[in-house]
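What follows is each chain in one-letter form.
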2 protein chains.
Amino acid sequence: MRGFIQPRLLLLLAKKTSHGYELMEALRAIPGSENLSDPGMMYRTLRQLEEAEVLRSAWDTGGRGPARRVYELTKIGHEHLEVWVAEIRKTRTHLDKFLAEYESIAENRSVKRRKRG
Amino acid sequence: MRGFIQPRLLLLLAKKTSHGYELMEALRAIPGSENLSDPGMMYRTLRQLEEAEVLRSAWDTGGRGPARRVYELTKIGHEHLEVWVAEIRKTRTHLDKFLAEYESIAENRSVKRRKRG
DNA sequence: GACATCTATATGTTAAAGGCCAATAGTAGC
DNA sequence: GCTACTATTGGCCTTTAACATATAGATGTC
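Residues numbered from 1 in each chain as written. Chains lettered and ligands numbered in written order. Predicted model: local features only at pLDDT ≥ 70, side-chain atom pairs only at ≥ 80, totals over all residues. Heavy atoms only, no water.

**Student:** Provide a residue-level description of the sheet that holds strand β3 (residues 68-73) of chain B, including the pertinent values.
**Tutor:** Residues and elements named next belong to chain B. The three strands lie next to each other as β1-β3-β2, forming an open sheet whose pairing is antiparallel. What marks the edges here is a single partner per strand, and that holds for β1 (18-19) and β2 (55-60). Where β1 and β3 come together, two bridges link them in antiparallel fashion. Looking at β3, one finds that Ser18 is bridged to Tyr71. (Pairing = 2+ DSSP bridges. Helix = DSSP H or I, 4+ residues; strand = E, 2+ residues; numbered from the N terminus.)

The structure is reproduced here in structure tokens:
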């Protein structure tokens, strides 16, 4: 699961506005996304998505603990998410084809082994 | 589809031993793998897989055209392919979950729009 | 035989992504 | 004051990827 942090963040933020630390914990809780939750990557990605106007942020000094930068999806952000979804659907069908191919040759190999044995 | 060149090469070579140029053309012919067929990446990847004893190569001066370095999967190579397959199956289920989540929130959004509209 | 074309492999350079670790700082409880 | 928890940021280093370029044998053709 590489290069998958962006769509994950966008999907989380599409559900609900949130801040870095909370997003990090959310990623940690998703099986297969644990490795995406590195703080360094996280915050850098968030800033660069904001740069691209995919996200918008504001400081929230209300809650307990230090101030948090709260992110929300922009209209562009929602569009980006849709593009990602289309991309991911394509990827999934490619993976399906790959696995089907593998299974067909794996089948041949085991047939051959049975014949030989 | 990033970082997907290795399993593609391994699967192609599991089907039949082959050389760089042929592998490149095979990748070009697979929808979704066209971008993996850059010669630079190709040959470097092949050499580094050989370094790792996943592949083994020998020069073939027989055919027409310049000599070709023909690669074949080693036992380690077959094992690597199986590891990749397991990995890819996992990735596929993660993608499925992601898409399911997206569809559930997209559904909510359109319901809200209908109620508002 | 000079030239273009196709087949084939290899290298160099640079930019982006990812992994890992450390720094800074506010808040809260003891 | 000390520790623990919450929160954001920055630096460094490696890997991956993208793009361009170099080299060279074989083949066909005029």
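**Student:** Which residues make up the protein's contact with DNA strand C, and what values do they have?
**Tutor:** In the region of DNA strand C, 22 residues are neighbours, and A:Gly3, B:Tyr21, B:Arg44, B:Arg68 and B:Arg69 sit closest. Of everything in DNA strand C that lies within 4 Å of the protein, sugar and phosphate atoms constitute 63%. In the environment of DNA strand C, a phosphate oxygen lies 2.7 Å from a nitrogen or oxygen atom belonging to the backbone of B:Tyr21. Between DNA strand C and B:Arg47, the relevant distance is 3.0 Å, taken from a phosphate oxygen to a side-chain nitrogen or oxygen of the residue. (Near = heavy atom within 4 Å. Polar contact = N/O pair within 3.5 Å; in protein donor to acceptor, adjacent residues only side chain to side chain.)

**Student:** Can you explain the protein's contact with DNA strand D? Please cite residues and give values.
**Tutor:** Near DNA strand D you find 21 residues, and of these A:Tyr21, A:Tyr43, A:Arg68, A:Arg69 and B:Gly3 are the closest. One nitrogen or oxygen atom from the main chain of A:Tyr21 is found 2.7 Å from a phosphate oxygen belonging to DNA strand D. Of all the elements in the fold, those that place two or more residues in the surface near DNA strand D are α2 (20-29), α3 (39-51) and β3 (68-73) of chain A together with α3 (39-51) of chain B. Looking at the surface near DNA strand D, the element that brings in the most residues is α3(A), giving five residues. For the surface near DNA strand D, the per-class residue count stands at eight nonpolar, five polar and eight charged. (Nonpolar A, V, L, I, M, F, W, Y, C, P; charged D, E, K, R; others polar.)

**Student:** Which residues make up the pattern of salt bridges, and what are the values?
**Tutor:** By the definition in use, this model includes 14 salt bridges over all chains. Salt-bridge contacts for A:Glu103 lead to B:Arg89; the nearest nitrogen and oxygen are separated by 2.5 Å. On the criterion of chain membership, the pair formed by A:Glu103 in helix α4 (residues 75-116) and B:Arg89 in helix α4 (residues 75-116) is interchain, its members lying in two chains. Since its relative accessible area comes to 33%, B:Arg89 is described here as partly exposed. The shortest N-O distance in the salt bridge between B:Lys75 and B:Glu79 comes to 3.3 Å. Placement of both B:Lys75 and B:Glu79 in helix α4 is noted, with a separation of four residues, approximately one turn of the helix. A relative accessible area of 65% places B:Lys75 in the exposed class. Taken together, the shared-partner salt bridges connect A:Arg8, A:Lys15 and B:Glu101 into one network. (Salt bridge = Lys/Arg side-chain N within 4 Å of Asp/Glu carboxyl O. Buried < 20%, exposed > 50% of the residue type's maximum accessible area, 1.4 Å probe, protein only.)

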